Amino acid sequence: MNKLDSKFGDFGGMYVPELLVPALDQLEQAFLDAKEDPSFQKEFMGLLKDYAGRPTAMTLTRNIVSNPLVKLYLKREDLLHGGAHKTNQVLGQALLTKRMGKTEVIAETGAGQHGVATALACALLGLKARIYMGAKDIERQSPNVFRMRLMGAEVIPVNSGSGTLKDAVNEAMRDWSANYDKAHYLLGTAAGPHPFPTIVREYHRMIGEETRAQIMEKEGRLPDAVVACVGGGSNAIGMFADFIDEPSVRLIGVEPAGKGIHTKEHGATIVTGTKGVLHGAYTYIMQDKDGQIEESYSVSAGLDYPAVGPQHAFLAETGRAEYYAITDEEALNAFQLLAKKEGIIPALEPAHALAHALNMADEATEETIIVLNLSGRGDKDLEHVVKILGDKL
Amino acid sequence: MSTTRYADMFANLKAKNQGAFVPFVMVGDPNKETSLAIINQLVESGADALELGIPFSDPIADGPTIQKAGIRALRSGVRTQVCFDILSEIRNNHPTVPIGLLLYSNLVLANGIDNFYAKAAAAGVDSILIADVPLREADRFITIAKQNNIHQILIAPPNASNETLKAIGEKSDGYTYLLGRSGVTGTETAVEIPAAELIAKLTQFKVAPPLLGFGISTPEQVANAIQSGAAGAISGSATVNIIEANLTDQDKMLADLGSFVSRMKAATLL
């Protein structure tokens, strides 16, 4: 039986082949043991500080918000080594891999950020990484593919299905079911079967904890809202975790509306979705009436995923967190605006959250402090954005 | 009361000193009409029972062969309801052959669990195995299976703990799907014949008769499986490979399937 609760209300669980249950149990046990082991904690905290660069800065924007009632802070996960928040939990899981005596790491990646984080952690800790990536994503994120290979990871293109993140997850799970004895599946988001949603949250929760300390220092009070983009939901749950029990703090997740939620081309799972099972968890998913999984779409590969972490599903259903959707066009505008006004090029993923935060700022009629989780930097997106915007710049 | 077709089959085979040969194909592969002809051929050529898949977009327990079978069926427009139509026809043609479904949980949930099992029962299905529902998530499916007189089949993996085997013995009947190896479906990696120790444990925990599956593609493997103590063998990807190899020539496809099943069945004679 599970030692930790495997569900968030009805959401979550372990909808995987029986074959994988012992591997998930082993992971749960390793996670629990590591939590009580001061030497593990010391190594993890040491890597976060001296290798990855924590704590990350929190920046008050100077020019992008015109409403004088609003202060918009950016939690600068874009400054973390690797260029996104992903490095946090990857270091934690890579240490767990070693603790379990495993020498290989299997991972999936969408935007390539999780792949890059996995590759760097495996290079550092002497693990052999193989990373599944949808063929379509390889095309739109080529700089990250090169980064992964440079750091010694094997990148395996996935052509099955839609050739995006969901298919990469399928392939990673298939690989794991043959190789769990020597390989750890280093899942990259707060989704999938238990215990992944819990482990990924706990290994990202310093984002919210640092935010709390930094905002208390700067403002002497908690923020009115924290805002983060949601694909699978790892950066958002890392930001939310420390504020869930603070009812005065609105938790706001922003999903990709793609070409509009009235079209089929979006990835707004919670905003439009129905419930079902994908990749081992019962959660909100995109599907047709027969239960076939539908392909998601977003300009941002990291949000292009037809399911969402089960804790987000639970936070949405209980009303504790709010979820909205932002289109490609709105995100691209916010992307350019942050570059022009603040000298920061964000990844397209948090550009979705930024677009929503700017809408909130425009509409505010009283003093409001918002913290946006700027979960990654935009270098990886430049080639793709140039193709879209061309000489409109 | 669940149907007795599995119990009857195992009793008949035992009397004849034979094991069971159970081919797997995807319902609706490559299309409704051909699929019906294929499944009829399997039974007529000696299949003791049928294990049938319902096509799903994201089959995480399947290798490339079964994935492609699902894609062919989905592309020809086969969805769950069409599968039930096909199953009803198969049941009419073959009243005594045990029919098992092997599928993924989201197809069941999308219909509503009650509704899905009721439709399956109406179509003459004897058992349901959900590839991504391990023992730990199985209780609510087992309850509804019982209400609909369907056997819920559980998987005994080679790495199963005593606790898991004990629970399988207590909770499932019909047959037990004994995994011949780790990994996903496919002939790329051959079955490993289960250790005598594992078979002894299955007997100790009184699990339903074990059918060995995953990586079985030759008569020798079938014979070895049965000699090692399995009640029979399931062969999926090898069967589906014959469909894939003959998509442009249905006569040859059916002839090749017929001779494959005859050879595999012949290997079940102890």
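Everything numeric here is computed off the predicted structure, so don't read it as measured data.

**Remarks on the overall build of chain B**
Okay, so step 1: Looking only at helices and strands, chain B has twelve helices and nine strands in total.
Okay, so step 2: A compact globule built from 270 residues should have a C-alpha radius of gyration of about 18 Å, and chain B, at 17 Å, falls within 12% of that.
Okay, so step 3: Across its three principal axes, chain B shows a C-alpha extent of roughly 50 × 40 × 35 Å.
Okay, so step 4: Taking all 270 residues of chain B together, 62% fall into the buried category.
Okay, so step 5: Put simply, chain B shows about 9700 Å² of open surface, and 51% of that area lies on carbon and sulfur atoms.
Okay, so step 6: Placing the 21 positive and 26 negative side-chain charges of chain B at their respective mean positions leaves the two points 3 Å apart.

**Describing the UniProt feature "modified residue: N6-(pyridoxal phosphate)lysine" (unreviewed entry) in chain A**
Residue and element names in this part refer to chain A.
Okay, so step 1: With numbering matched to this structure, UniProt assigns "modified residue: N6-(pyridoxal phosphate)lysine" (unreviewed entry) to Lys86.
Okay, so step 2: With respect to the element layout, lysine 86 can be found in the loop between strand S4 (70–76) and helix H3 (87–99).
Okay, so step 3: When neighbours within four sequence positions are excluded, lysine 86 is seen to be in contact with Gln113, His114, Ala117, Gly188, Thr189, His204 and Ser234.

**Considerations on unusual backbone geometry**
Okay, so step 1: Note the cis peptide between arginine 54 of chain A and proline 55 of chain A, where omega equals -5 degrees.
Okay, so step 2: Assignment of secondary structure puts proline 55 of chain A in the loop between helix H2 (38–52) and strand S3 (58–60).
Okay, so step 3: Look at the link from aspartate 29 of chain B to proline 30 of chain B: it is a cis peptide, with omega at -5 degrees.
Okay, so step 4: Here proline 30 of chain B is to be found in the loop between strand S1 (20–26) and helix H2 (32–44).
Okay, so step 5: Residues other than glycine seldom take positive phi values, yet asparagine 17 of chain B does so here, at roughly 60 degrees.
Okay, so step 6: For asparagine 17 of chain B, the location among the structural elements is in the loop between helix H1 (5–15) and S1.
Okay, so step 7: Exposure remark for asparagine 17 of chain B: the relative accessible area of 45% places this residue in the partly exposed category.
Okay, so step 8: At lysine 206 of chain B, a residue that is not glycine, the phi angle is positive and equals roughly 55 degrees.
Okay, so step 9: Structurally, the position occupied by lysine 206 of chain B is in the loop between helix H9 (196–204) and strand S8 (210–213).
Okay, so step 10: Residue classification places lysine 206 of chain B among the exposed positions, given a relative accessible area of 67%.

**Topic: the domain arrangement of chain A**
Residue and element names in this part refer to chain A.
Okay, so step 1: Along its sequence, chain A is carved into domain 1 (19–49 + 86–199) and domain 2 (53–83 + 204–389).
Okay, so step 2: The centre of domain 1, based on its C-alpha atoms, is set 22 Å off from the matching centre of domain 2.
Okay, so step 3: The interface of domain 1 with domain 2 comprises 34 residues on the first partner and 35 residues on the second.
Okay, so step 4: In this assembly, domain 1 packs against domain 2 so that about 2700 Å² is buried in total across both faces, 56% of it on carbon and sulfur atoms.
Okay, so step 5: Across the domain 1-domain 2 interface, the total number found is 14 residue pairs in polar contact (both at pLDDT 80 or more).
Okay, so step 6: Elements with a minimum of two residues in the side of domain 1 that touches domain 2: H2, H3, helix H4 (113–125), helix H5 (135–140), helix H6 (142–150) and helix H7 (165–179).
Okay, so step 7: With five residues, H7 is the single largest residue contributor to the side of domain 1 that touches domain 2.
Okay, so step 8: Partitioned by chemical class, the residues of the side of domain 1 that touches domain 2 number 13 nonpolar, 15 polar and six charged.

**Examining the sheet that holds strand S6 (residues 128–134) of chain A**
Residues and elements named next belong to chain A.
Okay, so step 1: Within the open sheet, the four strands sit side by side as S7-S6-S5-S8. Their pairing is parallel. In the strand order of this sheet, the two ends are held by strand S7 (154–158) and strand S8 (183–185), each with one partner. In this sheet, adjacent strand axes meet at a mean angle of 25 degrees when their direction is disregarded.

**Digging into the interface of chain A and chain B**
Okay, so step 1: Counting residues at the interface gives 36 residues for chain A and 36 residues for chain B.
Okay, so step 2: If you look at where chain A meets chain B, you find three salt bridges.
Okay, so step 3: On the surface where chain A and chain B come into contact, there are 20 residue pairs in polar contact (both at pLDDT 80 or more).
Okay, so step 4: When residues of the side of chain A that touches chain B are traced back to their parent elements, those giving at least two are helix H1 (21–35), H7, strand S11 (274–278) and strand S12 (281–285) of chain A.
Okay, so step 5: Looking at the side of chain A that touches chain B element by element, the count peaks at eight residues for H7 of chain A.
Okay, so step 6: For the side of chain A that touches chain B, the residue count by class is 16 nonpolar, ten polar and ten charged.

**Describing the UniProt feature "domain: Tryptophan synthase beta chain-like PALP" (unreviewed entry) in chain A**
Okay, so step 1: The UniProt entry lists residues 52–376 of chain A under the feature "domain: Tryptophan synthase beta chain-like PALP" (unreviewed entry), expressed in the numbering used here.
Okay, so step 2: Along residues 52–376 of chain A, the helical share is 39% and the strand share 21%, with 13 Å between the first and last C-alpha atoms.

Rules of the game
- Throughout this description, residue numbers start from 1 for each chain and increase along the sequence as written.
- Note on labels: chains are lettered from A, ligands numbered from 1, in written order.
- At least 70 in pLDDT is required for a residue's local features to be given in this predicted model, at least 80 for side-chain atom pairs to be given and counted, and no such filter applies to totals for whole chains, interfaces and linings, which use all residues.
- Water and hydrogen atoms play no part in the side-chain values, which are based on all heavy atoms of the structure.
- Helix and strand assignments come from DSSP, with helices taken as H or I runs of at least 4 residues and strands as E runs of at least 2, each series counted from the N terminus.
- For the radius of gyration, the atoms used are the C-alpha atoms, and the globule rule reads 2.2 Å times the number of residues raised to 0.38.
- Each residue's exposure class comes from its accessible area (1.4 Å probe, protein chains only) as a fraction of the maximum for that residue type: buried when under 20%, exposed when over 50%, partly exposed otherwise.
- In short, Shrake-Rupley with a 1.4 Å probe defines the accessible areas, and a residue's cover is counted only from the protein chains shown.
- For the purpose of counting charges, residues Lys and Arg are taken to be positive, whereas Asp and Glu are taken to be negative. His and the chain ends are not included.
- Charge placement uses NZ in Lys and CZ in Arg. For Asp and Glu, CG and CD serve respectively.
- UniProt positions are given in the numbering used here, feature names are shortened, and annotations may be inferred rather than shown by experiment.
- By the convention used here, residues are in contact when the closest approach between their heavy atoms is within 4.5 Å.
- Segmentation into domains, and thus their bounds, comes from an automatic or database assignment.
- The term buried area means the drop in 1.4 Å probe accessible area that two parts suffer when joined, counted for both and summed.
- Any N or O atom pair separated by 3.5 Å or less is treated as a polar contact, with the protein-specific requirement of one donor-capable and one acceptor-capable atom, and with residues adjacent in sequence counted only for side-chain atom pairs.
- Under this grouping Gly is polar, as are all residues other than the nonpolar Ala, Val, Leu, Ile, Met, Phe, Trp, Tyr, Cys and Pro and the charged Asp, Glu, Lys and Arg.
- Strand pairing follows a simple DSSP-based rule, namely that at least 2 bridges must link the two strands.
- Note on definitions: angles span 0 to 180 degrees between N-to-C directions of axes, and those axes are lines fitted to C-alpha atoms, for helices only across the stretch in contact.
- In the sections that follow, a salt bridge refers to a side-chain nitrogen of Lys or Arg positioned within 4 Å of a carboxyl oxygen of Asp or Glu.

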